[in-house]
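Overview (structure and organization)
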Amino acid sequence: MEIKDSCSVILTAYQSYTPSRIPMMEQSLAPQLSPTPGHSPLNSSGPLCYWKVCYQRMDRMISQDSLHPPSFSRSVSQESLDSTSIDDYWSEVKSIEESAENGQDQHAALEVKSADEGELEEAWLQEAGLSTLMSGSPGEEPAEALFSTLTRMQAAVVKKRIDNYTQTQRKKKPVRDVRDIFAVEDSPPVFCSGAGSPNSALLSSKLFFRTTGRLESCASDCKLNKDSPSLPEELNLDVPYSECALRKDCRRNQRIKKDDATLPKFMIRKAKLGLTVVGDLSQEDMKKIGYISLIELTAYFEALGIELKRNRTVKNKVREYGLFGVPLTTLLENDQKKFPGSKVPLIFKKLLSKLEQTGLQTEGILRVPGSASRVKNLRQELEAKFYEDTFEWDQVRHNDAAGLLKMFIRELPYPLLTVEYLPAFIAVENISPSKLQLQALHLLMMLLPEPNRDTLKALLEFLSKVVANEEKNRMSLWNVSMIVAPNLFMYKGKTANPQEMQGAAGAAHVVRLLVKYQDILWTVPCFIISQVRKMNEAAMNKKHQASDKSKKKLLRRWNAEREKTERSELCDIPEGVIRVHAPLHAKVSMAIQLDNETKARDVMARFDCENRSGPRGSVRRQKQYLYEVGGNIGERCLDPETYLLDLYHVNPQCEWILKPRTT
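Residues numbered from 1 in each chain as written. Predicted model: local features only at pLDDT ≥ 70, side-chain atom pairs only at ≥ 80, totals over all residues. Heavy atoms only, no water.

Structural notes on the overall build of the chain
On a plain count of helices and strands, the chain comes out with 29 helices and 11 strands. When the 663 residues of the chain are sorted by exposure, 48% land in the buried category. A separation of at least 24 residues holds for 77% of the contacts in the chain among residues at least 6 apart in sequence. Carbon together with sulfur atoms contributes 50% to the accessible area of the chain, which is approximately 33,300 Å² in total. (Helix = DSSP H or I, 4+ residues; strand = E, 2+ residues; numbered from the N terminus. Buried < 20%, exposed > 50% of the residue type's maximum accessible area, 1.4 Å probe, protein only. Contact = heavy atoms within 4.5 Å. Areas by Shrake-Rupley, 256 points an atom, 1.4 Å probe, with all protein chains shown as cover.)

Overview of the pattern of salt bridges
Applying the stated criterion to the full structure yields 20 salt bridges. When the shortest N-O distance is used, the salt bridge between R161 and E121 registers 3.0 Å. With R161 in helix α8 (residues 152–168) and E121 in helix α5 (residues 117–127), this residue pair connects regions lying 40 residues apart in the sequence. E121 shares its class with R161; the two are buried. The salt bridge involving E233 is made with K435; its shortest N-O contact spans 3.2 Å. Taken together, the residues E233 in strand β2 (residues 233–235) and K435 in helix α18 (residues 434–447) connect sequence positions 202 residues apart. (Salt bridge = Lys/Arg side-chain N within 4 Å of Asp/Glu carboxyl O.)

Concerning the pairing of strand β11 (residues 655–659)
The pairing of strand β7 (residues 577–581) with β11 spans 2 bridges and is classified as parallel. Within β11, the position partnered with H581 by the bridge is I657. Of the strand pairs in this sheet, strand β9 (residues 625–630) and β11 are connected by 5 bridges, and their pairing is antiparallel. Across the sheet, the residue bridging to Y627 is I657, located in β11. (Pairing = 2+ DSSP bridges.)

Structural notes on the sheet that holds strand β10 (residues 633–637)
The mixed open sheet is built from 5 strands, whose spatial order is β8-β7-β11-β9-β10. With partners counted over all chains shown, the strands left at the sheet margins are β8 (589–593) and β10, one partner each. For this sheet the average axis-to-axis angle between neighbouring strands, irrespective of direction, equals 25°. The pairing of β9 with β10 spans 4 bridges and is classified as antiparallel. (Axes fitted to C-alpha atoms, helices over the stretch in contact; angles between N-to-C directions.)

Considering the side chain of D639
By secondary structure assignment, the location of D639 is in the loop between β10 and α29 (644–650). For D639, the side chain forms a polar contact with the main-chain nitrogen of L275, separated by 3.2 Å. Filtering out sequence-adjacent residues up to four positions away, D639 remains in contact with G274, L275 and A600. (Polar contact = N/O pair within 3.5 Å; in protein donor to acceptor, adjacent residues only side chain to side chain.)

A word on the environment of L638
Inspection of the secondary structure puts L638 in the loop between β10 and α29. Among all residues touching L638, those that are not within four sequence positions of it are A600, L626, Y627, E628, L644, L647 and W656.

Here we look at the environment of L355
Turning to its location among the elements, L355 is positioned in helix α14 (residues 346–358). What makes L355 buried here is its relative accessible area of 1%. Between the C-alpha atom of L355 and that of V466, which follows or precedes it by 111 residues, the distance is 9.4 Å. Look past the residues within four positions of L355 in its chain and what remains in contact with it is L360, I365, H398, A401, A402, L405 and F462.

Observations regarding the side chain of N536
Locating N536 in the fold gives a position in helix α25 (residues 526–547). On the basis of relative accessible area, N536 is assigned to the buried category, the value being 9%. With sequence-adjacent residues up to four places away left out, N536 is seen in contact with D285, K288, N632, I633 and G634.

Some points on the nonpolar core
With 129 residues, the main nonpolar core has L130 and F489 as its most contacted residues. Element by element, the count of residues in this core is highest for helix α12 (residues 283–303), at 11 residues. In terms of nonpolar packing, the next biggest core, distinct from the first, is built from 24 residues, A582, M604, C637 and L645 among them. (Core = buried A, V, L, I, M, F, W, Y, C linked by side-chain atoms within 4.5 Å.)

Some words on α12
Between its terminal C-alpha atoms α12 stretches 30 Å, which fits the 30 Å expected from 21 residues at 1.5 Å a residue. Across the 21 residues that make up α12, a large majority, 17, are buried. In the stretch just after α12, G305 is the one whose phi turns positive, near 75°. (Expected span 1.5 Å × (residues − 1).)

Concerning unusual backbone geometry
In this chain, S432 is followed by P433 through a cis amide linkage whose omega measures 10°. Unusually for a residue other than glycine, R474 sits at a positive phi of about 60°. Mapping R474 onto the fold places it in the loop between α20 (470–473) and α21 (477–489). Among the residues examined, R474 registers a relative accessible area of 31% and is labelled partly exposed.

What to know about the pairing of β8
Residues of β8 alternate between two faces, with M590 and I592 buried on one and S589, A591 and Q593 left unburied on the opposite face. For β7 and β8, the ladder comprises 5 bridges, and the chain directions are antiparallel. Bridging across to β8, R579 finds its partner in A591.

As for the confidence of the model for the chain
Mean pLDDT over the chain stands at 75; residues scoring 70 or higher make up 62%. In the model, residues 1–84 has pLDDT below 50 throughout and makes 105 contacts with residues more than four positions away in sequence or in other chains. (pLDDT = per-residue confidence, 0-100.)

Here we look at the packing of aromatic side chains
Per the counting criterion, the structure on display carries 7 aromatic pairs. Plain terms: the ring middles of F324 and F408 are 6.2 Å apart, the flat faces sit at 70° to each other, and that makes the pair edge-to-face. Taken together, the positions of F324 in the loop between β5 (312–314) and α13 (328–338) and F408 in helix α16 (residues 398–410) put the pair 84 residues apart, joining distant regions of the chain. With respect to burial, F324 and F408 carry one shared label: buried. Three or more aromatic residues joined by ring pairs form one cluster here, namely Y241, Y300 and F527. (Phe/Tyr/Trp six-rings, centres within 6.5 Å; stacked < 30°, edge-to-face > 60°.)

Some remarks on the packing of α12 against α18
With their axes 8 Å apart at the nearest point, α12 and α18 run at an angle of 150° to one another. In terms of their interaxial angle, α12 and α18 are classed as roughly antiparallel. The handedness of the crossing between α12 and α18 is left-handed. Of the residues in α18, those in contact with I289, G290, S293, L294, E296, L297, Y300 and F301 of α12 are L436, Q439, A440, L443, L444, M446 and L447. Its residues assigned to classes, the contact of α12 with α18 shows 11 nonpolar, 3 polar and 1 charged. (Parallel < 35°, antiparallel > 145°, perpendicular 65-115°, else oblique. Left-handed = near helix turned anticlockwise from the far one by under 90°. Nonpolar A, V, L, I, M, F, W, Y, C, P; charged D, E, K, R; others polar.)

Description of helix α27 (residues 600–610)
Counting along an α-helix, one turn takes 3.6 residues, and residues three or four places apart therefore face a common direction. Where α27 is concerned, the buried positions are A600, V603, M604 and F607. End-on view of α27: buried residues confined to an arc of 100°, all on one side of the axis. Packed against the buried residues of α27 are β7, β8, β9, α29 and β11. (Arc of directions from axis to C-beta.)

Following this line, the structure appears as structure tokens:
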């Protein structure tokens with residue numbers, strides 16, 4: 001039995017087939033989609049019309065699998081749930097518009113303006129840590145140190161951006177010539193072949209990683225996955241994504257499959273130096289992670305043939321007090337006065353906690369709306385009583401708490417995914433297969449400001465718990481993504497943009513990827529950490545060279561080195577032996593001989609064993625982690641699976657400290 005697609009609606013549940021019904025549907029929908037003369041359908045009904053067009057585009061992208069009658073193994077309730085999932089999306093959009101019409105969204109719209117090419121290039125250089133190139137001041141950090149770490153693709157991207165900025169610069173101020181940055185006297189120029197490739201005669205091989213072995217590694221990974229498609233695909237975080245990305249591998253406009261089981265499985269390849277999550281590094285190193293991630297993301301998109309678009313935000317006057325409609329940074333500043341070290345707004349954490357305690361098993365949680373009048377009154381009461389600890393949380397119903405949570409996200413004066421990078425998140429839907437999408441999202445996570453990243457992390461962890469209770473709450477990953485997507489991708493003042501239709505239509509799928517692969521997304525790519533180490537080493541070498549200009553500083557350095565040598569002789573620590581300091585333990589220091597099998601967990605276990613009967617028994621209950629501090633890294637909490645001898649060779653100048661996590 002053949003089922004025809006009307007190209008206007010999607011059949012998501014089995015119904016009896018009558019050929020006469022489909023032409024009737026097309027005829028009834030035709031007036032809604034056909035524009036009147038001289039009038040654009042996108043602007044005729046405001047943002048809702050725009051999202052309806054996106055909905056119809058999404059329908060055409062959904063896999064034909066959903067047009068077939070379901071297998072008998074699927075339950076009736078699940079069929080009903082699938083047939084209404086896209087309707088839930090529209091119900092959420094309608095709820096957002098009604099909230100704005102009723103005056104619940106009380107704050108000014110965010111103004112987003114288009115910028116000329118020069119402004120965009122200037123903003124890009126600033127966010128990449130290269131603002132000193134525009135000031136004409138050579139030799140300033142972090143630009144000089146950053147250049148020494150760039151791969152071939154990354155260096156080409158930076159050169160292109162500098163050329164564009166130089167060409168569009170109209171003000172009379174000194175701009176460094178690109179040849180002064182990339183030229184190296186004692187190294188022959190390297191040329192890139194192929195049409196459309198940037199002029200690389202100015203790029204030195206000293207700026208590049210050696211990528212031959214890495215490209216072979218990429219090829220072997222792809223072959224392995226093709227040979228065993230049922231096995232989880234292994235992600236290699238040691239290789240820059242842009243070095244493996246090929247335009248021919250990017251297949252655009254792929255149909256979205258609603259079945260969550262069709263999403264591929266990924267696993268991270270184990271690394272000798274261990275894996276690192278975003279909270280394991282110092283703030284100074286995380287800033288450098290952001291610099292490199294932006295350059296790598298730009299190179300990655302260019303390798304795939306996708307333009308990396310950016311918005312420019314015009315900062316409006318925003319609230320500096322209260323709970324809703326307040327910037328994340330302001331909220332955290334206010335919260336930290338009461339609870340130092342807070343990384344997620346207290347009101348956001350409290351709403352998540354309320355839902356986790358009593359709402360995870362509620363059927364239709366997030367989907368079924370609460371009472372608009374109750375939500376409005378609760379919001380006003382929260383604004384008045386939250387910081388005084390007099391608000392009665394027991395009076396809040398599950399659906400009302402969910403409504404407050406979505407309202408908080410939606411009313412942020414600057415979107416959680418940031419105005420600047422929302423186009424990049426939307427563009428992820430234009431990438432296929434899922435591995436390439438995941439890599440793009442991975443780099444975007446590294447680019448988010450710390451308050452946005454920590455808040456998004458808390459939200460995704462909560463959504464994962466909602467999906468884990470699907471049997472009781474009837475909220476699959478697809479359903480949850482449908483509800484959350486409008487709240488993340490719609491913001492005040494956003495106008496309909498025909499060029500973003502396809503991306504907006506896939507917003508739910510992007511949210512689904514964020515929830516599904518969040519454990520991977522919070523892991524810092526190993527190749528970026530390697531670049532940060534090289535960047536720190538270059539900065540230290542430059543400081544040493546600068547100190548040679550002064551005899552006084554040179555003498556001071558000699559004295560310091562002599563004292564260091566004397567201390568080393570007194571300690572008499574042979575090669576391959578580290579001294580671990582544990583100030584909170586009874587035994588505060590211990591020398592440990594490393595071998596090829598020694599891991600960070602072994603050191604942690606040894607200290608626990610030595611101090612089990614110590615006088616500081618209260619401290620033993622607090623989890624201690626091994627850190628590498630100094631050398632070519634600021635501070636890094638080690639993965640328990642880190643092989644210490646390998647790390648010892650990579651960072652021989654670091655100190656080893658056992659202490660609790662700072663988070």
